[in-house]
Amino acid sequence: MPQPISQGNQIKKRISVLVFLKGTTAPLVLYVENPLALYEEISQILKLNSSATKLIEKNTLGPVKKVCIQSTQICAVALQEEQYI
């Protein structure tokens, strides 16, 4: 059952970047300062569809503090808006 929102709590929104990797069922959820820029960077890599592997290394703000991904392992990327208190 949802908890009632007290007057002192305001609902906030944040955007995360979901990175879908080959061979996995759940996406990697990344919280960064500029999610749109990271989304654009990864989508450009997907558009180029290069067979050359590029190593993507990012510092993040969420539970995952640093991530390193091979570009050839990425199959999709998405932006997700979340509400939190």
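Computed from a predicted model, the values in this text were never measured in an experiment. (Residues numbered from 1 in each chain as written. Predicted model: local features only at pLDDT ≥ 70, side-chain atom pairs only at ≥ 80, totals over all residues. Heavy atoms only, no water.)

Q: Could you give an account of the nonpolar core, with specific residues and numbers?
A: By size, the foremost hydrophobic cluster in this structure holds 12 residues: Val17, Val19, Leu30, Val32, Leu38, Ile42, Ile45, Ile56, Val67, Ile69, Ile74 and Val77. Residue assignment for this core shows that the elements contributing at least two residues are β1 (12-21), α1 (35-48), β4 (66-70) and β5 (74-84). For this core, the element with the most residues is α1, which contributes 3 residues. The contacts of Val19, once residues within four sequence positions are left out, are Pro27, Leu28, Leu30, Ile42, Ile69, Ile74 and Ala76. (Core = buried A, V, L, I, M, F, W, Y, C linked by side-chain atoms within 4.5 Å. Buried < 20%, exposed > 50% of the residue type's maximum accessible area, 1.4 Å probe, protein only. Helix = DSSP H or I, 4+ residues; strand = E, 2+ residues; numbered from the N terminus. Contact = heavy atoms within 4.5 Å.)

Q: Can you break down the side chain of Ser71 residue by residue, with the values?
A: Within the secondary structure layout, Ser71 lies in the loop between β4 and β5. A polar atom in the side chain of Ser71 sits 2.7 Å from the backbone nitrogen of Lys54. Every residue in contact with Ser71, bar those within four places of it in the chain, is listed here: Ile45, Ala52, Thr53, Lys54 and Ile56. (Polar contact = N/O pair within 3.5 Å; in protein donor to acceptor, adjacent residues only side chain to side chain.)

Q: Any details on the pairing of β4? Residues and values, ideally.
A: Burial of the side chains of β4 is restricted to one face: Val67 and Ile69 are buried, whereas none of Lys66, Cys68 and Gln70 on the reverse face is. Sheet topology note: the strand β3 (residues 55-59)/β4 ladder contains 5 bridges and is antiparallel. Opposite Glu57, over in β4, you have Cys68 as the bridge partner. Here β3 folds back onto β4 in antiparallel fashion, the turn holding 6 residues. (Pairing = 2+ DSSP bridges.)

Q: Give me the packing of aromatic side chains: which residues, what numbers.
A: This structure, assessed with the given rule, holds 0 aromatic pairs. For Arg14, the ring lying beneath its charged end belongs to Tyr84, and the centroid distance is 4.6 Å. (Phe/Tyr/Trp six-rings, centres within 6.5 Å; stacked < 30°, edge-to-face > 60°. Lys NZ or Arg CZ within 6 Å of the ring centre and 35° of its normal.)

Q: I'd like a rundown of the pattern of salt bridges, residues and numbers included.
A: Counted by the stated rule, this structure contains 4 salt bridges. For the salt bridge of Lys13 with Glu81, the shortest nitrogen-to-oxygen distance reads 3.7 Å. Taken as a pair, Lys13 in strand β1 and Glu81 in strand β5 lie far apart in primary sequence, 68 residues in all. In this structure Lys13 comes out as exposed when scored by relative accessible area, which is 54%. Glu81 sits in the exposed class, given a relative accessible area of 54%. Where Lys58 meets Glu41, a salt bridge forms, and the shortest distance between an N and an O atom there is 2.9 Å. Here the residue Lys58 occupies a position in strand β3, and Glu41 occupies one in helix α1, the gap between them amounting to 17 residues. (Salt bridge = Lys/Arg side-chain N within 4 Å of Asp/Glu carboxyl O.)

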